[in-house]
Amino acid sequence: MTEIRPHDLFEAARGAMGKAHAPYSRFPVGAAILDGDGQVHTGANIEVISFPEGWCAETTAIGHMIMSGGKRIAEVAVIAEKLDLCSPCGGCRQRLAEFADAGTLIHLCDAGGVRKSVRMDELLPLAFQTETIG
């Protein structure tokens, strides 16, 4: 199995960003998730005219992971065309926390690559948890 590096996740997220459907905000975002089995799942934000009924890139990538049989997030990369170091929104932070561990790395990217990596517990220090999560 080929080792996936943070730069590989950046490339996958950037490719996904190119597929974003963001005609209203004009703010394309891409995300790539490396799951616990070494598979990469990508997603882009998809808007509809009825805000806030669209969904974020991270949400799309999580859906692809689950539908492909993935269970846990090992690493994530996020990129936005118009914002350096785009961090996941609050809702996506909680969604990512649902499938990640406290130490899961979230790579924040710009057009040149990974610029900053933070752990899940740094991104969402007080994530909602139950005894079945985390």
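Each chain carries its own residue numbering, running from 1 in the direction its sequence is written. Confidence filtering applies because this is a predicted model: local features only for residues at pLDDT of at least 70, side-chain atom pairs given and counted only at 80 or more, and all residues used for totals across whole chains, interfaces and linings. Just so you know, side-chain values use all the structure's heavy atoms and leave hydrogens and water out.

- Looking at an unreviewed UniProt entry, one finds the chain named Cytidine deaminase and attributed to Pseudohoeflea suaedae.
- UniProt positions are given in the numbering used here, feature names are shortened, and annotations may be inferred rather than shown by experiment. The heading Sequence similarities (unreviewed entry) in the UniProt record of the chain holds the text "Belongs to the cytidine and deoxycytidylate deaminase family."
- Per its UniProt entry, the chain bears the Cofactor (unreviewed entry) comment "Zn(2+)".

### What about the nonpolar core?
And then number 1: By convention a nonpolar core is built from buried Ala, Val, Leu, Ile, Met, Phe, Trp, Tyr and Cys residues, the set being connected through side-chain atoms within 4.5 Å. Note on classification: 1.4 Å probe, protein chains only; a residue is buried when its accessible area is under 20% of the maximum for its type, exposed when over 50%, partly exposed between these limits. Judged by nonpolar contacts, the single largest core of 22 residues is most densely connected at Ile33, Ile73, Val76, Leu96, Ile106 and Met120.
And then number 2: The secondary structure listing takes helices from DSSP runs of H or I that are at least 4 residues long and strands from runs of E that are at least 2 residues long, numbered from the N terminus. When residues of this core are traced back to their parent elements, those giving at least two are strand 1 (29-35), helix 2 (57-67), strand 3 (73-80), helix 3 (90-99), strand 4 (105-110) and helix 4 (120-123).
And then number 3: Any two residues having at least one pair of non-hydrogen atoms within 4.5 Å are treated as being in contact. Among all residues touching Leu96, those that are not within four sequence positions of it are Ile33, Glu58, Ile62, Ile73, Val76, Pro88 and Met120.
And then number 4: In this structure, Ala13, Met17, Leu34 and Ile79 belong to the second largest nonpolar core, which totals nine residues.

### Concerning the environment of Ala13
And then number 1: Secondary-structure assignment places Ala13 in helix 1 (residues 6-17).
And then number 2: Spatially, the C-alpha atom of Ala13 lies 17 Å from that of Glu47, the residues being 34 residues apart in sequence.
And then number 3: Non-local contacts of Ala13, meaning those with residues more than four positions away in its chain, are made with Gly30, Ala31, Ala32, Ala77 and Ile79.

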